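# Summary of structural features
Listed below are the residues making up each chain.
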Protein chains: 2
Amino acid sequence: MKRLTVLDMGFIHLERRNQPLHVAYLTLLRPPADAPPDFAQTLVARLRSYASPLPPFNQRLESRLGKGFWVEDPEFDIAQHVVHLALPQPGTMDQLLAMVSRMHASHLDRAYPLWRTYIIEGIAGGQIAIYSKVHHAVADGVAGTRLFLRSMSLNPNDILPPPWAVPPQGRRERPSGLLAAPVDGVVKLAGRFGGVVEHLPTVYRELRKARQDRRDGNVDALSGHQAPPTILNQPISASRRYLARSYPLARIKAASRTLGCTVNDVMLAMCSHALRRYLIDQRALPSEPMIAGVPMSTRRDKSDVGNQISFLLANLGTHLADPAERLRVIRASVEHSKQRYAPMKPGAILGFAAAQMLPGLVNMLLAPKRGRLAFNLVISNVPGPRSPLYWQGCAVEGMFPVSVLADGMALNITASSRADALDFGVLACRRTLPNVESLMDYLGDGLDEIERLARMTIAVGRPVPMLEGEPTAELEVLSPAASEPAP
Amino acid sequence: MKRLTVLDMGFIHLERRNQPLHVAYLTLLRPPADAPPDFAQTLVARLRSYASPLPPFNQRLESRLGKGFWVEDPEFDIAQHVVHLALPQPGTMDQLLAMVSRMHASHLDRAYPLWRTYIIEGIAGGQIAIYSKVHHAVADGVAGTRLFLRSMSLNPNDILPPPWAVPPQGRRERPSGLLAAPVDGVVKLAGRFGGVVEHLPTVYRELRKARQDRRDGNVDALSGHQAPPTILNQPISASRRYLARSYPLARIKAASRTLGCTVNDVMLAMCSHALRRYLIDQRALPSEPMIAGVPMSTRRDKSDVGNQISFLLANLGTHLADPAERLRVIRASVEHSKQRYAPMKPGAILGFAAAQMLPGLVNMLLAPKRGRLAFNLVISNVPGPRSPLYWQGCAVEGMFPVSVLADGMALNITASSRADALDFGVLACRRTLPNVESLMDYLGDGLDEIERLARMTIAVGRPVPMLEGEPTAELEVLSPAASEPAP
């Protein structure tokens, strides 16, 4: 029996009918060439044979005297957690995404351990999809990725136990320990059902300072109340629209090298282009630039094995028609944000967690003026593996994050890097954002635009002007089980 | 715009995370012999072509100043309501029931009209399944059946519009009007989130009278606090186990004729046998008889076109090992209950609705002694069509009701009669009632037992002794669209 941290308890109490607080991954697998027709069925049977999971996967929530505890479930039933599904004919990717949208809208049952893995067959072309969800009180996105990677291998013939059966010695710290431990002392959620923050977190003070910077004349500094109201910032329904697409990492990296910026900058520029186009279609583009909250995992020094997580505010420059100008604005605001928040570890960690999970709460804290927001949406980039990986004998052909929405935050864009691709997962409120499917095409158009910009830069022989500053951080790269010794 | 009745608003407010308040039907269809492989896909496309539904199917809930209203949804999107699914391999009935269990556990999104129809292909043997759910604030089980029947035909070549597109002139009263109107003046749910009943309904007074009867020495009268505590009467999880099986109506009718009792009595005896066996397996059989709450639709006179709905308490005699003795107890208590409640129309209607929906509330009202219940579970028998029917060109081979659970009421047994079968749908809390699958086999054993009893009766040449009284009521029979003129 283990008491829930204050932060994890917050994830339980802040869950709403229209706001489930679980995170997930949609993984696309390519079965071996000689796989028999009942391959998926055999896979489900094998996964279900791991019927005695290890903590936290065998623990369920129990409330005693108003406090939350994780207790081992003596009646653990693997059939509740490993579910076999199939797409109907003709088995298109659109049908798969519609299915994931429905599954992600559905709550986990608190009477059971808070995770579930679906194995989906029937995809035209022969792939198998895994939709794997876990409550945020159990694990966050980064920890979830780590755990999933532990069950993956560089070798197609290696069949490792699934995440819930990876022995503790082969596993890092308990997933949310990463976030929970340092946060515990920083923030307390008061009241059983409110989620009122007693102690203002460091991130709040820091963002206040940024506002002062701005008053002092630094145009690239972002204050905490600069995001304009948009159609993204409305109450949400309980229904979701999930979209996923991969873009070649080689294209993104080549453009970033030519333009002298990071992969993250290019990703933000793609999002900026897509948002601008989408909001023009919807006749809802604000005249002021939209602001993204960007949780970022950075590592400046190879010797630094710990995590440095920063929470940045990025000016997306969506009001600017010129892509070069937009990229300049994005890079300048990210650079400023990085310098501002680099020393802010515990608060930044909270910022990361809170922005992932409770954007409404963060907005409330950061935007004291009614109707003004700290940011319009969360855009994140979860670092993934650099090498091609295999899971249960299948090549991993996609690892798309499925994140969280909240009232006032109807869109989330999360990408995950993988070997040669950047896998984008876009989660939207189905009702609030009509025709949001077009955003995916616009992300691709955004990449085309960046590449045109890079070609122009080569043609004129000089990079797009940017701020002076230290070299930008690279993405941290997580490693699969087989390529990294257990700690 | 139309205001919700007090009863319908109760169904909204009393919904909980672990207690969704929608009802559903699982319908099994046999496509025509010459159906092409993409038959289900074509069916989904045809159903989606009815994209402008009629009230109440185009209305969503809106709260204004604490009151609930049905308002037309100007952005109605048929894709949210008609969903295409498939079973994974090998496509067994168990897989279908597991899928229905998961779907029934999932809430409808209140931002949209509160109904959804799933078309499920991939069943081994070639059937197609329809799982069709509607919130109880929109329609109750009987009204839902009527509406569904309106879109069915006696002729396989007749393809009628689906329920949401049946024109008003061909439809009866608004579904829940049946229940809502007379109840409005009888009961008021006070407080926005409580569900406290201000005016004690008639059913309460009547049951109090029954308790007096019992004190006066009538052993067949059931008081309102006679149900023993059982494992069925515990808090429930949010997960469900749904089971469905058909039994030949001819067998049930033959046995009831020989034994001189009704189809309902035989159904209750089957349930009694199954519950007794299941609770013996679980080492949880109470020494006192279990009591069922039985909403019953009766019609004594062919000329009476209105509805007479009674809510009965039936002593199931689960403490008795002898099947003849059990049947006698069931028949006697049902007979007494019928005579008691026959004149009680508005209250009985409330009893029907409340017992279907709010057994916890009814129990609270009827069982003032702590720990004593008015009944242990709800068993109902929804009258269906007498003739073989077709829907969208497919023969209907099963119409299984999927009802509602509530805290303290972890099991529901609802049967629906259809042409030559009685279709049983059993809904259980997945966590509270382990191995509840065995109940289905035990229902069959229960029917075998009744038939043995009937054979013995024939052998000895006299019926099982029962109470004197008027002839027992027969089930009301609902009619499909094609066989009945519009009112």
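Each value, and the rule that gives it
Residues numbered from 1 in each chain as written. Chains lettered and ligands numbered in written order. Predicted model: local features only at pLDDT ≥ 70, side-chain atom pairs only at ≥ 80, totals over all residues. Heavy atoms only, no water. Helix = DSSP H or I, 4+ residues; strand = E, 2+ residues; numbered from the N terminus. Buried < 20%, exposed > 50% of the residue type's maximum accessible area, 1.4 Å probe, protein only. Contact = heavy atoms within 4.5 Å. Areas by Shrake-Rupley, 256 points an atom, 1.4 Å probe, with all protein chains shown as cover. Salt bridge = Lys/Arg side-chain N within 4 Å of Asp/Glu carboxyl O. Axes fitted to C-alpha atoms, helices over the stretch in contact; angles between N-to-C directions. Parallel < 35°, antiparallel > 145°, perpendicular 65-115°, else oblique. Left-handed = near helix turned anticlockwise from the far one by under 90°. Nonpolar A, V, L, I, M, F, W, Y, C, P; charged D, E, K, R; others polar. pLDDT = per-residue confidence, 0-100. Pairing = 2+ DSSP bridges. Buried area = accessible area lost by both parts, 1.4 Å probe. Least-squares fit on C-alpha atoms with pLDDT ≥ 70 in both. Lys, Arg positive; Asp, Glu negative; His and termini not counted. Phe/Tyr/Trp six-rings, centres within 6.5 Å; stacked < 30°, edge-to-face > 60°. Lys NZ or Arg CZ within 6 Å of the ring centre and 35° of its normal.

Time to look at the overall build of chain A. Scanning chain A for helices and strands turns up 13 helices and 18 strands. Residues counted as buried form 62% of the 487 residues belonging to chain A. Here the analysis covers contacts within chain A between residues at least 6 apart in sequence; of these, 78% occur between residues at least 24 apart. Accessible surface for chain A amounts to roughly 18,200 Å². Of this, 54% is attributable to carbon and sulfur atoms.

A few words now on the pattern of salt bridges. The tally for this structure, following the rule as stated, stands at 30 salt bridges over all chains. Among the salt bridges present, the one from Glu449 of chain A reaches Arg326 of chain A, with a minimum N-O distance of 2.9 Å. Of this pair, Glu449 of chain A sits in helix 13 (residues 438–460) while Arg326 of chain A sits in helix 10 (residues 323–341), and the two are 123 residues apart along the sequence. For the pair Glu449 of chain A and Arg326 of chain A, one class covers both residues: buried. The closest approach of N and O atoms between Asp423 of chain A and Arg418 of chain A, which form a salt bridge, is 2.7 Å. Asp423 of chain A sits in the buried class, given a relative accessible area of 0%. Residue classification places Arg418 of chain A among the buried positions, given a relative accessible area of 8%. Several salt bridges share partner residues, and in doing so they unite Arg60, Glu62, Arg64 and Asp73 of chain A together with Arg431 of chain B into one network.

Residue and element names in this part refer to chain B. Packing of helix 9 (residues 263–281) against helix 13 (residues 438–460) leaves a shortest axis separation of 8 Å and a crossing angle of 130°. When the axes of helix 9 and helix 13 are compared, the pair comes out oblique. For the pair helix 9 and helix 13, the sense of crossing is right-handed. Where helix 9 approaches helix 13, its residues Val266, Ala269, Met270, Cys271, His273, Ala274, Leu275, Arg277, Tyr278 and Asp281 are matched on the opposing element by Ser438, Leu439, Tyr442, Leu443, Asp445, Gly446, Leu447, Glu449 and Ile450. Looking at the contact of helix 9 with helix 13, its residues break down into twelve nonpolar, three polar and four charged.

This paragraph deals with the confidence of the model for chain A. All names here are of chain A. Averaged over all residues, the pLDDT of chain A equals 80, while 71% of them reach at least 70. Residue range residues 169–202 is modelled with pLDDT below 50. Its contacts to residues more than four positions away, or to other chains, number 77 contacts. Of the regions scoring below 50 in pLDDT, residues 298–308 engages in 15 contacts with residues more than four places distant in sequence or in other chains. Reported for the predicted complex are a pTM of 0.85 and an ipTM of 0.83.

With that settled, the discussion passes to the sheet that holds strand 4 (residues 67–72) of chain A. Taken together, the three strands give an open sheet; going across it, the order is 1-4-3 (chain A), and neighbouring strands pair in antiparallel fashion. Edge strands, defined here as strands with exactly one partner in the open sheet, are strand 1 (2–3) and strand 3 (59–64) of chain A.

A separate point is the interface of chain B and chain A. Contacts between the two partners involve 37 residues from chain B and, on the opposite side, 37 residues from chain A. Summed over both sides, the interface of chain B with chain A buries roughly 2,900 Å², with 37% coming from carbon and sulfur. The interface formed by chain B and chain A contains six salt bridges. Residue Arg431 of chain A is joined to Asp73 of chain B by a salt bridge in which the shortest nitrogen-to-oxygen separation is 2.7 Å.

This next bit is on the relation of the copies chain B and chain A. Rotating chain B by 180° and moving it 0.0 Å along the rotation axis overlays it on chain A with an RMSD of 0.0 Å. Expressed as an axis order, the relation between the two copies is that of a two-fold axis. Of the residues that chain B buries at the interface, 100% are likewise interface residues in chain A, meaning the two copies contact each other through the same surface.

Below, the discussion takes up the side chain of Asp265 of chain A. All names here are of chain A. With respect to the helices and strands, Asp265 occurs in helix 9 (residues 263–281). One buried charged side chain, Asp265, makes no salt bridge at all; its nearest oppositely charged neighbour is Arg331, positioned 4.4 Å away. In this view, Asp265 contacts Leu327, Ile330, Arg331 and Val334; residues no more than four positions away in its chain are not counted.

Residues and elements named next belong to chain A. Note the cis peptide between Gln89 and Pro90, where omega equals 0°. If you trace the backbone, Pro90 turns up in the loop between strand 5 (82–86) and helix 4 (93–105). Phi angles above zero are rare outside glycine, and Asn435 is one such case at about 55°. Assignment of secondary structure puts Asn435 in the loop between strand 17 (421–429) and helix 13. Accessibility expressed as a relative area gives 54% for Asn435, which makes it exposed.

Residue and element names in this part refer to chain A. Residue placement: Ser287 occurs in the loop between helix 9 and strand 11 (291–299). Ser287 sits in the exposed class, given a relative accessible area of 66%. Ser287 sits 32 residues away from His319 along the chain, and the two C-alpha atoms are 5.6 Å apart.

All names here are of chain B. In this sheet, strand 4 (residues 67–72) lies alongside strand 1 (residues 2–3) in antiparallel orientation, the contact comprising two bridges. In the strand pairing of strand 4, Arg3 is matched with Phe69. Where strand 3 (residues 59–64) and strand 4 come together, six bridges link them in antiparallel fashion. Looking at the pairing, Gln59 lines up with Glu72 of strand 4. Connecting strand 3 to the next strand, strand 4, in antiparallel fashion are two residues, including Leu65 with a positive phi near 50°.

Each pair of packed helices can be summarised by the angle the axes make with each other and by the distance between the axes. Residues and elements named next belong to chain A. At a minimum axis distance of 9 Å, the contact between helix 8 (residues 249–259) and helix 13 shows a crossing angle of 40°. Between helix 8 and helix 13, the crossing angle belongs to the class labelled oblique. Here the hand of the crossing between helix 8 and helix 13 comes out left-handed. Judged by residue contacts, Arg251, Ile252, Ala255, Thr258 and Leu259 of helix 8 engage Leu447, Asp448, Ile450, Glu451, Leu453, Ala454, Thr457 and Ile458 from helix 13. Looking at side-chain class alone, the contact of helix 8 with helix 13 contains eight nonpolar, two polar and three charged residues.

The next point concerns the packing of aromatic side chains. A complete count under the given rule lists ten aromatic pairs over all chains for this structure. For the pair Phe76 of chain A and Trp115 of chain A, a centre-to-centre distance of 6.4 Å together with 15° between the ring planes defines the contact as stacked. With Phe76 of chain A in the loop between strand 4 and helix 3 (78–81) and Trp115 of chain A in strand 6 (residues 115–121), this residue pair connects regions lying 39 residues apart in the sequence. The class for Trp115 of chain A is buried, based on a relative accessible area of 5%. Ring geometry for Phe57 of chain B versus Trp115 of chain B: centroids 5.4 Å apart, planes at 85°, classification edge-to-face. Pair noted here: Phe57 of chain B is in the loop between helix 2 (39–48) and strand 3 and Trp115 of chain B is in strand 6 (residues 115–121), with a separation of 58 residues, a long-range link. By the ring-pair criterion, three or more aromatic residues cluster together here, those being Phe57, Phe76, Trp115 and Trp164 of chain A. The ring of Tyr112 of chain B carries Arg431 of chain A above its face, with NZ or CZ at 5.0 Å from the centroid.

A few words on the environment of Asn18 of chain B. Residues and elements named next belong to chain B. Within the secondary structure, Asn18 is located in the loop between helix 1 (6–13) and strand 2 (22–30). In this structure Asn18 comes out as buried when scored by relative accessible area, which is 16%. The spatial distance from the C-alpha of Asn18 to the C-alpha of Arg240 is 9.7 Å, given a sequence separation of 222 residues. The contacts of Asn18, once residues within four sequence positions are left out, are Ile236, Ser237, Ala238, Arg240 and Asp407.

Taken in spatial order, the three strands of this open sheet run 1-4-3 (chain B), and their pairing is antiparallel. Two strands in the sheet have a free side with no partner beyond their single neighbour: strand 1 and strand 3 of chain B.

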